[in-house]
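Next come the chains, spelled out residue by residue.
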Amino acid sequence: MRCTGSSVSYLASRGAKLRTATSWPFTTFCLLAALTILNIAPAAFAQDQPKRLVALLDYLGSDYKNAVRDGKVLSQDEYGEMQEFSRRSLDLFKQLKEIDKADKAGVEPALKSLASQIENKADPKTVLELAKRTKEKLIAAYNIVPYPRQLPTFASGKKLYDENCAQCHGAPARATARAASR
Ligand code: HEC
């Protein structure tokens with residue numbers, strides 16, 4: 001389980017210094033933040049595709065560096081995930097194009113070249129930049145708010161944690177609780 005993607009760029013975009021912090025409470029916080037932000041509904045909701053595409057591109061852009069370096073696969077798992085996500089981004093785009101009867105955000109060429117960059121094990125910086133530009137076009141074209149409208153409160157985070165995580169990670173949050181350290 002990693003904490004990248006929307007939660008990190010959200011924090012970064014708010015100018016938070018937290019980016020360099022890797023403590024467990026931070027990890028938990030950003031995971032909960034990611035859960036709140038991504039909150040991805042099923043594909044049945046038509047106008048959901050742009051948001052899901054943004055989330056995918058965000059994740060792709062920030063995680064690709066863990067998959068490929070100097071044209072070589074660093075981790076087969078990570079690389080497989082990147083390939084899967086780029087396929088999924090093309091599927092989502094296809095659905096979106098059918099709904100809109102057009103490429104409203106003008107991202108089709110970019111999504112295609114992103115997929116071939118990933119296939120050709122391109123440089124992470126190139127992939128990140130293209131993913132970012134494409135994401136921004138979608139955000140602009142569909143008026144997406146890519147971060148929560150309000151900062152999550154500690155109380156609601158604690159409640160979520162107590163309900164969903166504490167049984168394995170213990171309270172207070174630790175990664176060393178027995179069920180999670182097995
Ligand atoms: C059913 C038990 C269980 C529940 C419930 C659970 N986790 Fe975990 N969690 C684990 C296990 C097992 C690991 C893997 C530990 C390992 O691989 O060292 C883990 C790993 C993690 C990691 C990675 C830790 C690291 O150091 O890499 C994070 C972050 C995390 N969990 C957060 C959460 C959050 C947030 C919740 C609640 C939304 C949650 N977990 C709910 C069992 C659970």
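A quick note: this is a predicted structure, and the numbers were derived from the prediction, not measured.

Rules and cut-offs
Residues numbered from 1 in each chain as written. Predicted model: local features only at pLDDT ≥ 70, side-chain atom pairs only at ≥ 80, totals over all residues. Helix = DSSP H or I, 4+ residues; strand = E, 2+ residues; numbered from the N terminus. Buried ≥ 20, exposed ≤ 12 C-beta atoms within 10 Å, placed from the backbone. Contact = placed C-beta atoms within 7 Å. Axes fitted to C-alpha atoms, helices over the stretch in contact; angles between N-to-C directions. Parallel < 35°, antiparallel > 145°, perpendicular 65-115°, else oblique. Left-handed = near helix turned anticlockwise from the far one by under 90°. Nonpolar A, V, L, I, M, F, W, Y, C, P; charged D, E, K, R; others polar. pLDDT = per-residue confidence, 0-100. Core = buried A, V, L, I, M, F, W, Y, C linked by C-beta atoms within 7 Å. Expected span 1.5 Å × (residues − 1).

Focus on the overall build of the protein chain
Logical step 1: Across its full length, the protein chain holds 9 helices and 2 strands.
Logical step 2: Reading the helices (α) and strands (β) of the protein chain from amino to carboxyl end gives α-α-α-β-β-α-α-α-α-α-α.
Logical step 3: The 182 residues of the protein chain split such that 28% are buried.
Logical step 4: Within the protein chain, contacts between residues separated by at least 24 positions form 64% of all contacts whose residues are at least 6 apart in sequence.

As for the packing of helix α4 (residues 76-100) against helix α5 (residues 108-119)
Logical step 1: Between α4 and α5, the least distance of the axes is 9 Å, while the angle of their chain directions is 160°. It follows from the interaxial angle that α4 and α5 lie roughly antiparallel. The two elements α4 and α5 cross, and the hand of that crossing is left-handed. Here Met82, Gln83, Ser86, Ser89, Leu90 and Phe93 of α4 come into contact with α5, specifically with Glu108, Leu111, Leu114, Ala115 and Ile118.
Logical step 2: Its residues assigned to classes, the contact of α4 with α5 comprises 7 nonpolar, 3 polar and 1 charged.

Observations concerning the confidence of the model for the protein chain
Logical step 1: Within the protein chain, residue pLDDT values average 79, and 69% of them lie at 70 or more.
Logical step 2: Confidence drops under pLDDT 50 across residues 1-22; counting only partners more than four residues distant or on other chains, this segment forms 40 contacts.

Some points on the packing of α5 against helix α6 (residues 124-141)
Logical step 1: One can describe the packing of α5 onto α6 by two numbers: an axis separation of 10 Å at closest approach and a directional angle of 160°. With respect to α6, the axis of α5 lies roughly antiparallel. When you trace α5 past α6, the crossing you get is left-handed. Of α6, the residues touching α5 (which contributes Ala110, Leu111, Ser113, Leu114, Gln117 and Ile118) are Thr126, Val127, Leu130, Ala131, Arg133 and Thr134.
Logical step 2: Classifying every residue of the contact of α5 with α6 gives 7 nonpolar, 4 polar and 1 charged.

Observations regarding the nonpolar core
Logical step 1: Judged by nonpolar contacts, the single largest core of 24 residues is most densely connected at Leu53, Leu56 and Leu60.
Logical step 2: In terms of residues, this core owes the most to one element, helix α3 (residues 49-63), which gives 7 residues.
Logical step 3: When near neighbours in sequence (up to four residues on either side) are disregarded, leucine 60 contacts Met82, Phe85, Ser86 and Ala131.

Notes on α3
Logical step 1: The first and last C-alpha atoms of α3 sit 21 Å apart over 15 residues, in line with the 21 Å expected at 1.5 Å per residue.
Logical step 2: Within α3, 14 of the 15 residues are buried, leaving the element largely enclosed by the surrounding structure.

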